[in-house]
Amino acid sequence: RKAPEEAPAATDAAAEDTKKDSKPSIYTLGYILYAPVTFTNATIHIFSGKRFRIHRLWGIVYLACWIYAAWGHFAGHFAAGGNTAVFWVMPTVGFIQTVIACKTFTFLPKANDKTQGYYHETKAMSYDFILENLYFAGLLLFQSVYLCWGV
């Protein structure tokens, strides 16, 4: 019997490839510079679809509210008693978004006792889950209006 031959050292080839790739290439730089364009194109593609258009566009409004709220929080604008309209506008937009979802996604399956949502093989949420979100969005809206206006 012959002794098994040793395979060529893959680490030497990998080390040489690493040395070649250690300098930033023009392709990496181009990818980094093109990333904002790719992100913008993907965002436009996601939000400009004809199916469920009202739900998608209202989602943009909610995201804009969220970005404004995060920016205002970290910039300290709300600590000094600044513009607090976002604290009731954002839950109102979220409640309207949930109502739109309840009217739009009526084709979703009903909930069953076995598996649903992310654990189901189709990964589809149930319509009952969407309706339940309406309840929680309403609670958040009530709390926000109560705290902002002292109703």
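Residues numbered from 1 in each chain as written. Predicted model: local features only at pLDDT ≥ 70, side-chain atom pairs only at ≥ 80, totals over all residues. Heavy atoms only, no water.

**Observations concerning the overall build of the chain**
For the record, the criterion: Per the convention used, a helix needs a DSSP run of H or I reaching at least four residues, while a strand needs a run of E reaching at least two, with both numbered from the N terminus. Working definition: with a 1.4 Å probe on protein chains only, accessible area under 20% of the residue-type maximum means buried, over 50% means exposed, and in between means partly exposed. By definition in these notes, contact holds between two residues if any of their heavy atoms fall within 4.5 Å.
Secondary structure assignment for the chain yields five helices and zero strands. Along the chain, helices (α) and strands (β) appear in the sequence α-α-α-α-α when read from the amino end. Of all 151 residues assigned to the chain, the portion counted as buried reaches 17%. Look at the contacts in the chain between residues 6 or more apart in sequence, and 55% of them connect residues 24 or more apart.

**Considerations on a nonpolar patch on the surface**
Counted only if it meets this: Put simply, a patch holds well-exposed residues, over 30% relative accessible area, that have no salt bridge, with like charges counted together within 9 Å and Val, Leu, Ile, Met, Phe, Trp or Tyr side chains within 5 Å. For every accessible area listed, the method is Shrake-Rupley and the probe measures 1.4 Å; residues are considered covered only by the protein chains on display. In what follows, salt bridge is the name for a side-chain nitrogen of Lys or Arg lying within 4 Å of a carboxyl oxygen of Asp or Glu.
A contiguous nonpolar patch, built from Tyr-62, Trp-66 and Ile-67 and spanning about 320 Å² of accessible area, is present on the exposed surface. Counting through the fold element by element, Ile-67 comes out in helix 3 (residues 53-75).

**Looking at the confidence of the model for the chain**
Going by this rule: The quantity known as pLDDT measures the predictor's confidence residue by residue, on a range of 0 to 100.
Summary statistics for the chain give a mean pLDDT of 77 and a share of 70% for residues scoring 70 or more. Averaged over each element, pLDDT in the chain is lowest for helix 1 (residues 10-21) (54) and highest for helix 4 (residues 86-104) (91).

**Some details on the packing of aromatic side chains**
Put simply, the test is: Aromatic pairing here means that ring centres of Phe, Tyr or Trp (its six-membered ring) are within 6.5 Å. Orientation follows from the plane angle: under 30 degrees is stacked, over 60 is edge-to-face, and everything else is tilted.
Counted according to the given criterion, the structure contains six aromatic pairs. On the basis of an interplanar angle of 55 degrees and a centroid distance of 4.9 Å, the ring pair of Phe-52 and Phe-105 is categorised as tilted. Of this pair, Phe-52 sits in the loop between helix 2 (26-47) and helix 3 while Phe-105 sits in the loop between helix 4 and helix 5 (127-149), and the two are 53 residues apart along the sequence. We classify Phe-105 as buried; its relative accessible area is 14%. Residues Tyr-135 and Phe-136 carry aromatic rings whose centres are separated by 5.1 Å and whose planes lie at 70 degrees to one another, so their mutual orientation is edge-to-face. Through a chain of ring-to-ring contacts, the aromatic side chains of Phe-52, Phe-105 and Phe-107 assemble into a single cluster.

**Some details on helix 4**
Quick note on the threshold: The length a helix should cover is 1.5 Å for every residue beyond the first.
For helix 4, built from 19 residues, the straight-helix expectation of 27 Å at 1.5 Å per residue is met to within 8% by its first-to-last C-alpha distance of 26 Å. Of the residues making up helix 4, those classed as buried are Val-86, Met-90, Pro-91, Val-93, Gly-94, Gln-97, Thr-98, Ile-100, Ala-101 and Cys-102. On its buried face, helix 4 sits against helix 3 and helix 5.

**A look at the environment of Val-93**
Tracing the sequence through the fold places Val-93 in helix 4. Val-93 gets classed as buried once you look at its relative accessible area, which sits at 6%. Here the alpha-carbon distance between Val-93 and Leu-63, two residues 30 residues apart in the chain, equals 9.8 Å. Excluding anything up to four places from it in sequence, Val-93 contacts Trp-58, Val-61, Tyr-62 and Cys-65.

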